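Structure at a glance
Read off the chains here:
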Amino acid sequence: MTEQISKTKNSFSFWKIVIPYIILGMGVVLVTGGGSWDISNHILNKPESFFAEPHLILYSGVAISIVGFGALFIPIRNKNSFNLKFPKLLSGLGIFLLVISGPLDFWWHDMYGLDGLLSPIHLVLMTGMLLTSIASVVGIVRIESKSKRKIGVILQGLIFSGVWFSLTGFAHSFSLPFSKTDYFDFNPEPTFAAIFATIVYPIVMAFILITSAKVSPGKFGYLSTTGAFYILIMILSALLPNPVLIDAVPFYLLNLIPFVLADVIINKSQIKKSHFVAGAIIGSSFIFSYFPLITYTYNEVMFHRLVWPSMIPMIYSEFIVVIFPLLVACGAVSSIIGTVIALRASRRIIT
Amino acid sequence: MNRIILASIGIMAVYFLVMGVVFPDALSQTEKRITSPFFITSQEIESISKGESFDFIIDAGITGSDSDMLILIIGFPDAKSFDGIKIKSSEFTQSPKFFEIGDEVKTYYPSDFKIAEYPLLHIFNMPNLIDKKPILQLEITPESLGEFRIFTKAKSAPFTDDSNFPKGGFVDEDNEFVEKKVILVD
């Protein structure tokens, strides 16, 4: 009976300490999902307004993250034993950057009109998103590892997808030709952009997914769920808004296959270097996972055509059959870097 | 070799076959949008006195299928600026662009830039669905006596040989057909 009461008390305390970090991370998921939808709307040239749906999702994400950050300071017994100083500091910096990027973005629009994807203010926003999402992951993992409890596969997958989209935001900024405005031309040089995309996207994928598996060792499903959330958010924010891409959804769902396989290899195969094999499988699929936006990157260097939204399927189909074997190989090789970073980072997160 | 690894190799081979060959093939079957723009212009009067205004109305649309973009390009070769030209009403969704003399102007097709020789108004719908027929109403007050010319042309995207309107008539400085309307100011 006493043991039962103690267990219930521990459970209550665990959730009280971990929930603010979950809220923090969920806010970032909304910010990044709204951001991804906003990119799609820009591609579709939909009229821009302060109260456009993607913007509302983005603002509500920031508000939710601020609530989560505030809740980190609620006094709870035994909280100091979880080594949470670093994630708290990181989230403070992240939230600060998220909050100041709002008025700074407004000022930038006032000075220079519409901005592109890569702009100093957007980098501030993306840094804020990244720091906040990393803080959320570090906080959750440290609480889990000390208390020997888990928040569950769904919540962890969702929170990790926030980090994934935050890093992807940076990768998009330096590889997509969406940054030329009336005042500035921040578009990346096409050859640089294509090489950058080929190296960095697989690194990001391997880093996120291998970390998600590594912080929950021996537990199947954590990696797959993170991948599933990425696919779900991409379908909702990048495929469904463009009518010509709706037919691509069933194919896009197949991108879950490499994620599930990687999960099986890490958690069920018992082979040596399983994380590197899994990383290679994940990285080799980047060219399909980053559809449709990656069309713009490789079009710039291969065809240099004007990509209208209705032409994405056609242009993607033209280059993919030619270069996909090469990109699959490059993705598998680049993923080694992502896997190394993931293995080191996950050790640092847990301790 | 570990059975899981063997199975993984087989599954990934099928995955790459589907995503690298079948998927692009399915995407290539996506019907290409072939659209053609059109417009009808109307003005109430043929001549006005100096200082008076007149309305210039353009009914635009597209044929074929939904279009990624419908753009009306309206030039005023006898105006020095947009001082006497106002948008009275517009059903176009994007913000209009006003190019004064000397401004850099996007030419759209072929995708390039040029310097505006006279005031140019670009007004867009992105996208423009097949059943959307936007109307633009301008209020114009010519500043000087004589002829006041208005050049109008339309383009739709994706661009094909059929993406320009009108198909004949007066040719502008871009070597493209425009509809020329003239009002006499006396």
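Residues numbered from 1 in each chain as written. Chains lettered and ligands numbered in written order. Predicted model: local features only at pLDDT ≥ 70, side-chain atom pairs only at ≥ 80, totals over all residues. Heavy atoms only, no water.

Let's talk about the overall build of chain A
Within chain A, the secondary structure is distributed over 13 helices and zero strands. Computed over C-alpha atoms, the radius of gyration of chain A comes to 20 Å, within 12% of the 20 Å expected from 2.2 N^0.38 for 351 residues, which places it in the range of a compact globule. Seen through its principal axes, chain A has C-alpha atoms that stretch 70 × 50 × 30 Å. Out of the 351 residues in chain A, the part that is buried amounts to 57%. Restricting to contacts in chain A with at least 6 residues of sequence separation, those with at least 24 account for 76%. (Helix = DSSP H or I, 4+ residues; strand = E, 2+ residues; numbered from the N terminus. Rg over C-alpha atoms; globule rule 2.2 N^0.38 Å. Buried < 20%, exposed > 50% of the residue type's maximum accessible area, 1.4 Å probe, protein only. Contact = heavy atoms within 4.5 Å.)

Some remarks on the packing of helix α6 (residues 190-214) of chain A against helix α12 (residues 294-302) of chain A
Residue and element names in this part refer to chain A. Viewed as axis vectors pointing N to C, α6 and α12 meet at an angle of 140°, and their least axial separation amounts to 8 Å. The angle between α6 and α12 falls in the class oblique. The two elements α6 and α12 cross, and the hand of that crossing is left-handed. Contacts from P190, T191, A193, A194, A197, T198 and Y201 in α6 reach I294, T297, Y298, E300 and V301 in α12. Of the residues belonging to the contact of α6 with α12, the class tally is eight nonpolar, three polar and one charged. (Axes fitted to C-alpha atoms, helices over the stretch in contact; angles between N-to-C directions. Parallel < 35°, antiparallel > 145°, perpendicular 65-115°, else oblique. Left-handed = near helix turned anticlockwise from the far one by under 90°. Nonpolar A, V, L, I, M, F, W, Y, C, P; charged D, E, K, R; others polar.)

Focus: the domain arrangement of chain A
All names here are of chain A. According to the domain assignment, chain A consists of domain 1 (1-167) and domain 2 (189-351). Just the C-alpha atoms count here: the centres of domain 1 and domain 2 sit 22 Å apart. Interface area for domain 1 against domain 2, summed over the two sides, is near 2600 Å², with a carbon-plus-sulfur share of 75%. Taken together, the connections running from domain 1 to domain 2 amount to zero salt bridges. Taken together, the links from domain 1 to domain 2 amount to nine residue pairs in polar contact (both at pLDDT 80 or more). Among the elements of the structure, α1 (2-43), α4 (120-147) and α5 (153-173) are those that each provide at least two residues to the side of domain 1 that touches domain 2. In terms of residue count, α5 provides more of the side of domain 1 that touches domain 2 than any other element does, eleven residues in total. (Domains from an automatic or database assignment. Buried area = accessible area lost by both parts, 1.4 Å probe. Salt bridge = Lys/Arg side-chain N within 4 Å of Asp/Glu carboxyl O. Polar contact = N/O pair within 3.5 Å; in protein donor to acceptor, adjacent residues only side chain to side chain.)

With respect to the domain arrangement of chain B
Domain assignment breaks chain B into domain 1 (1-30) and domain 2 (36-185). The C-alpha centroid of domain 2 of chain B is placed 50 Å from the C-alpha centroid of domain 1 of chain B.

Here we look at the confidence of the model for chain B
Residues and elements named next belong to chain B. Per-residue confidence for chain B averages 91 on the pLDDT scale, and 98% of its residues sit at or above 70. The spread of mean pLDDT over the elements of chain B runs between strand β8 (residues 113-115), the lowest at 83, and strand β10 (residues 135-140), the highest at 95. Across the interface, the model reports ipTM at 0.90; the global pTM reads 0.87. (pLDDT = per-residue confidence, 0-100.)

Quick notes on the sheet that holds β10(B)
Residue and element names in this part refer to chain B. An order of β1-β3-β10-β5 is seen for the four strands of this open sheet, with the pairing classed as antiparallel. Two strands bound the open sheet, and with one partner strand each, they are β1 (36-43) and β5 (85-90). For this sheet, the mean inter-axis angle between neighbouring strands, taken without regard to orientation, is 25°. Here six bridges tie strand β3 (residues 54-63) to β10, and the two strands are oriented antiparallel to one another. Among the inter-strand pairings, F56 is bridged to a residue of β10, identified as L138. (Pairing = 2+ DSSP bridges.)

Describing a nonpolar patch on the surface
Residues F50(A), F51(A), L56(A) and Y59(A) make up a contiguous nonpolar surface patch of roughly 430 Å² in combined accessible area. Residue placement: F50(A) occurs in the loop between α1 and α2 (53-71). (Patch = residues over 30% accessible without salt bridge, like charges linked within 9 Å, V, L, I, M, F, W, Y side chains within 5 Å. Areas by Shrake-Rupley, 256 points an atom, 1.4 Å probe, with all protein chains shown as cover.)

Examining the pairing of strand β4 (residues 69-75) of chain B
Residues and elements named next belong to chain B. Counting buried residues along β4, seven of its seven residues qualify, which places the element largely inside the surrounding structure. Here β4 shows two buried faces, one formed by M69, I71, I73 and G75 and the other by L70, L72 and I74. Both β4 and strand β9 (residues 120-125) contribute to a ladder of six bridges, which runs antiparallel. Paired with G75 across the bridge in β9 is L120.

A word on the pattern of salt bridges
Residue and element names in this part refer to chain B. Scanning the model with the defined rule gives 14 salt bridges over all chains in all. Ionic pairing is found between K114 and D174, a salt bridge with its closest N-O pair at 3.0 Å. Taken together, the positions of K114 in strand β8 and D174 in the loop between β13 (170-171) and β14 (177-185) put the pair 60 residues apart, joining distant regions of the chain. You can call K114 buried: its relative accessible area is 16%. K153 is the salt-bridge partner of D174, the closest N and O atoms lying 3.0 Å from each other.

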